[in-house]
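# Summary of the model geometry
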Amino acid sequence: MAARCVIVLLLIAGGASTMTGQAVQNTAPAMAVTPQDTPVLEAHATMVLVDVVVTEHDKAIHAIDPHRFHIFEDGREQVVSSFDEHVPKLAGTAANAAQSARTEPNVYTNIPDAPPSTAVNVLLLDGLNTPLTNQVQVRQQMLRYLTKIEPGTQLAIFTLASRLRMVQGFTANVGELTHAMQSGKATPQSSVILDPAGDQAIDSFIGGMASVGASSTALSAMQQFQADLISYQTDLRVKMTLEAMQQLARYLSAVPGRKNLIWFSGSFPINIAPDPGVQSSFDPMRDYTEEVQETSRMLAAARVAVYPVDARGLMTLPSGDASHTPSTNISSVTSGSPSVGGGRRSRSGGSTTSSVNRPSVGNDDAKFLQQTQAEQASMREIAEDTGGKAYMNTNGLKEAVANAVENGSSYYTIGYVPLKKDFHGEFRKIQVRLDGSDYKLEFRTGYYTDSPGKPGPRAIEQTSLINAVAVHGAPPDTGILFKARMLPATDLSLKDAKLAAGPVGEMSAHLKQPTVRYVVDLAIDPRGIVFTPNEKGGQEAKIELLLVGYNSEGGRVNYLDRGFSLSLAEDRYRQALAHGLPIRMELDMPAGPGFLRAAVHDLTAGRAGSVEAAIQAK
């Protein structure tokens with residue numbers, strides 16, 4: 001049987017009409033619902049938007065005269081077309097309607113408890129590149145940070161291990177964020193690739209070989225193996241990390257406005273220098289500069305500013321750690337008599353060359369400094385390319401997050417139309433200058449000029465409004481405010497409800513059995529929808545309704561999407577203004593945990609609202 005898409009408009013007076021994919025007789029003539037194809041809206045803009053954070057002594061500077069800003073593209077000053085300042089709003093009294101909805105069981109709303117933030121924030125807990133002990137410290141400090149987070153701060157939590165995983169979608173609810181941080185999904189775990197203990201074991205083995213007189217050839221082969229293994233592991237870490245960053249860029253491109261990505265990581269090298277201690281010293285060399293820059297530009301194009309935080313905190317040299325074991329340091333010595341084991345007699349018979357292990361903590365210090373400098377340089381580069389800031393050599397991790405959130409939410413957005421109109425996929429550099437000040441400016445360093453009609457390989461696909469608000473875990477859109485009661489059809493309050501027979505939803509034929517019917521009752525504030533008078537003295541609007549089901553891993557399992565011409569008699573319209581416009585939707589879901597996301601889209605005004613809830617379908 002073909003899947004049926006069911007939407008019911010619940011009349012305030014008690015009547016109802018049902019749409020099942022074709023026009024039906026309306027039991028209440030005062031309200032007519034006519035299905036229509038959902039229009040596809042396309043817009044190609046040449047406006048370039050640049051977010052600029054202005055700080056002095058690490059504090060955001062506000063109320064700067066727009067005329068003091070100058071923006072340049074490839075060295076040529078551009079004409080500023082738009083200018084906006086974004087300042088975090090202080091949390092005032094919570095919306096009464098939002099508080100009321102929070103107290104109703106199974107009722108969810110996009111009415112904000114606090115003024116909406118000027119930017120949204122993402123915590124990325126990078127277990128792939130961070131030692132386990134440092135991950136534990138990060139988690140503890142983030143839990144303390146959440147106890148003092150500013151009301152209204154939108155935050156999402158992701159982890160990176162063998163893959164990128166969403167732990168918590170965007171929310172300003174501190175309880176939900178704390179629960180997510182304490183959940184198993186956010187539990188620190190050893191990196192699948194970063195293996196300092198394994199490296200130490202190989203190093204000790206090589207030192208042991210030297211102490212028993214192994215030949216120089218055998219020792220060189222083992223050292224080469226160790227260097228090649230480290231290079232291979234680093235290759236994997238860099239590839240997996242950059243793929244995760246690119247995945248985040250695509251995901252966050254659907255979220256409007258500025259996004260602050262706060263990335264906790266313990267190491268991320270941009271290159272591997274030659275190793276003079278191995279026979280083929282240049283074989284382990286790697287340079288990831290180009291790959292890092294490409295990823296940074298993808299993030300910048302999605303208006304994502306990256307704030308790397310070195311999760312290792314304030315570090316000391318190996319020589320300052322009493323528990324440090326100096327690494328193997330093989331050197332050759334020449335003696336006048338044959339050595340025991342791997343010595344080699346010269347042809348003249350007068351001397352013997354042998355390899356010995358002379359551990360040197362000085363060498364370890366030098367290697368540590370070189371490696372740390374390379375790792376932190378890559379983090380700084382990503383931050384500078386995207387308009388963020390790197391936090392290094394500090395144990396105040398929660399303070400770093402607070403600073404990134406505060407400054408990342410206080411910024412200026414400058415818009416301009418490039419004077420050079422021909423786009424051929426080249427990268428154009430951006431510079432911003434501010435007259436008469438020594439303030440520090442943070443902004444993305446450039447963009448690719450991919451043609452709207454022919455996006456290049458680096459371009460992020462533009463997302464339509466309805467698809468953007470339907471993204472799992474995205475912040476609730478508040479262009480149209482509404483409440484949504486989400487219940488399984490087996491709930492006692494629905495025992496007399498007339499529900500559709502047969503499967504419901506565009507993907508219902510492919511759902512894993514058993515399935516559970518969910519009923520979603522919306523109460524939409526019509527003030528967010530453009531109504532126009534019709535010839536019958538009533539009001540008309542064109543809206544699109546979307547209901548999407550996701551499984552516990554965030555994969556879409558079913559959805560319902562329909563556009564409508566909505567006609568209300570004047571008395572019904574006045575009642576909707578007073579009590580909300582009631583609409584019922586149904587969707588089949590596989591049994592088990594998951595998520596439901598409802599969205600309302602005004603096709604005339606181009607506004608939308610959305611809300612998401614975790615469900616336990618049973």
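Look a little higher up for the structure.
Every residue gets a number counted from 1 within its own chain, in the order that chain's sequence is written. Two thresholds apply to this predicted model, a pLDDT of at least 70 for residue-level local features and 80 or more for giving and counting side-chain atom pairs, whereas whole-chain, interface and lining totals are computed over all residues. By convention in this description, side-chain values take in all heavy atoms of the structure and omit both hydrogens and water.

## Let's talk about the pattern of salt bridges
Where charged atoms from two side chains of opposite charge come close, those side chains can pair. Cut-off, in case you're wondering: Salt-bridge detection follows one rule: a side-chain nitrogen of Lys or Arg within 4 Å of a carboxyl oxygen of Asp or Glu. Secondary structure follows DSSP: runs of H or I at least 4 residues long count as helices, runs of E at least 2 residues long count as strands, and numbering of each begins at the N terminus.
Inspection of the entire model under this criterion finds 16 salt bridges. Two residues, aspartate 521 and arginine 485, come together in a salt bridge whose shortest N-O distance is 2.9 Å. With aspartate 521 in strand β25 (residues 515–524) and arginine 485 in strand β24 (residues 482–488), this residue pair connects regions lying 36 residues apart in the sequence. A salt bridge links aspartate 525 to arginine 527, with the shortest nitrogen-to-oxygen separation between them at 3.0 Å.

## Observations concerning the sheet that holds strand β11 (residues 154–160)
Keep this limit in mind: Strand pairing is assigned whenever DSSP detects at least two bridges linking the two strands. Axes here mean lines fitted to C-alpha atoms, for a helix over just the part in contact, with angles spanning 0 to 180 degrees between N-to-C directions.
With mixed pairing, 5 strands are arranged side by side in an open sheet as β12-β11-β10-β13-β16. The strands lining the two open edges of the sheet, one partner per strand, are β12 (164–171) and β16 (304–310). The mean inter-strand angle of the sheet, taken between neighbouring strand axes irrespective of direction, is 15°. For strand β10 (residues 119–126) and strand β13 (residues 258–265), the ladder comprises 7 bridges, and the chain directions are parallel. Its bridge partner being in β13, leucine 125 is matched across the sheet by phenylalanine 264.

## Looking at helix α2 (residues 132–146)
This is how it is decided: To estimate how far a helix should extend, the number of its residues minus one is multiplied by 1.5 Å. Whether two residues are in contact is decided by their heavy atoms, any of which lying within 4.5 Å being enough.
If you check α2, its first and last C-alpha atoms are 21 Å apart, about what 15 residues at 1.5 Å a residue would give, namely 21 Å. Here the buried face of α2 lies against β10, β11, α3 (174–182), β13 and α8 (397–408).

## As for the nonpolar core
How we decide: Nine residue types can take part in a nonpolar core, namely buried Ala, Val, Leu, Ile, Met, Phe, Trp, Tyr and Cys, and a core is a set of them joined through side-chain atoms within 4.5 Å. Here's how the labels work: a residue is buried when its accessible area is under 20% of the maximum for its type, exposed when over 50%, partly exposed in between, all with a 1.4 Å probe on protein chains only.
If you look at the biggest cluster of nonpolar residues, it comprises 38 residues, and the most contacted ones within it are Leu124 and Phe158. Within the residue set of this core, elements represented by two or more residues are β10, β11, β12, α5 (216–252), β13, α6 (289–301), β16 and α7 (361–386). No other element matches α5, which puts 9 residues into this core. With near-sequence residues (within four places) excluded, leucine 124 lies in contact with Phe158, Thr159, Leu160, Leu164, Met245, Leu248, Leu261, Ile262, Trp263 and Phe264.

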